[in-house]
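Spelled out from the first residue to the last, the chains are:
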Amino acid sequence: ALSSVIDDLRMLGVDKVDPYKIAEDTGESLGSIIQDSFKRICLDSVIKSAKVRATALSRNAKEILYLISIMRPDVDISSIRKFYRLLFQRTLTDHELERALDELISCYIIQSVSEYGGYLNFPPYFDDLLLELKDVVPKVEVRVSWPEKEV
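For the structure given in this document, a descriptive report is provided here.

Cut-offs used in this document
- Residues numbered from 1 in each chain as written.
- Predicted model: local features only at pLDDT ≥ 70, side-chain atom pairs only at ≥ 80, totals over all residues.
- Heavy atoms only, no water.
- Helix = DSSP H or I, 4+ residues; strand = E, 2+ residues; numbered from the N terminus.
- Buried < 20%, exposed > 50% of the residue type's maximum accessible area, 1.4 Å probe, protein only.
- Lys, Arg positive; Asp, Glu negative; His and termini not counted.
- Salt bridge = Lys/Arg side-chain N within 4 Å of Asp/Glu carboxyl O.
- Contact = heavy atoms within 4.5 Å.
- Axes fitted to C-alpha atoms, helices over the stretch in contact; angles between N-to-C directions.
- Parallel < 35°, antiparallel > 145°, perpendicular 65-115°, else oblique.
- Left-handed = near helix turned anticlockwise from the far one by under 90°.
- Phe/Tyr/Trp six-rings, centres within 6.5 Å; stacked < 30°, edge-to-face > 60°.

For the rest of this paragraph, the subject is the side chain of Glu103. Secondary-structure assignment places Glu103 in helix α6 (residues 94-106). Of the side chains bearing the opposite charge, Arg99 lies closest to the buried Glu103, which forms no salt bridge; the N-O distance is 4.2 Å. Setting aside its immediate chain neighbours within four residues, Glu103 contacts Ala56, Leu57, Ser58 and Ala61.

Further remarks concern the packing of helix α5 (residues 77-88) against α6. It is the contact of α5 with α6, at a shortest axis distance of 12 Å, that shows an interaxial angle of 110 degrees. With respect to their mutual orientation, α5 and α6 come out roughly perpendicular. Relative to α6, the crossing made by α5 is right-handed. Packed against α5, whose contacting residues are Ile77, Ile80 and Arg81, the element α6 presents Asp94, Leu97 and Leu101 at the interface.

Time to look at the pattern of salt bridges. The full count for this structure, using the stated rule, is seven salt bridges. As a salt-bridge pair, Lys51 and Glu132 come within 3.4 Å of each other at their nearest N and O atoms. Separated by 81 residues along the polypeptide, Lys51 in helix α3 (residues 43-54) and Glu132 in helix α7 (residues 126-132) bring together distant segments of the chain. For Lys51, a relative accessible area of 36% translates into the label partly exposed. For Glu132, a relative accessible area of 37% puts it in the partly exposed group. With a closest N to O distance of 2.8 Å, Glu63 and Arg59 form a salt bridge. With a gap of four residues between them, Glu63 and Arg59 both fall in helix α4 (residues 59-71), about one helical turn apart. Relative accessible area serves as the criterion here: at 5%, Glu63 is assigned to the buried category. Judged by relative accessible area, which is 58%, Arg59 ranks as exposed. In this structure, a network of salt bridges that share partners links the residues Arg59, Glu63 and Arg90.

Further remarks concern the packing of aromatic side chains. Per the counting criterion, the structure on display carries two aromatic pairs. Each ring, one from Tyr84 and one from Phe88, has its centre 5.0 Å from the other, and the planes form 50 degrees; the classification is tilted. Of this pair, Tyr84 and Phe88 both sit in helix α5, separated by four residues, roughly a single helical turn. A single burial state applies to Tyr84 and to Phe88, both of which are buried.

In structure tokens form, the structure reads like this:
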């Protein structure tokens, strides 16, 4: 769906769009217009495809999805590792983490992982998609118990 929108823009002669430029007729930023058009025209297709792909997510990917859902918007690899270990009491190997992130990218949940700082970049429709994937995100319950005092 996104490729279709990009191809349509290229046919109109738009190779690169400065998202901060303002449209003369509406006064809106071009970035806002493109995002709104994408949501209106393509979002349903993206969500449908993401839901199908998300059914095959591994346990690690689903657990990371849970962490992302509560940590957003500033999520980085080192924080994921730290909170994963704290919450799930397991340490992910580099390979396991990379594979889980690749799974989430293939489901359109993560847009990319920045090379600088290891931050995760999310698509502008992330919140809409997360609502549709609520059945995939694990339910996590944290219990705290205190040792009883000896008498």
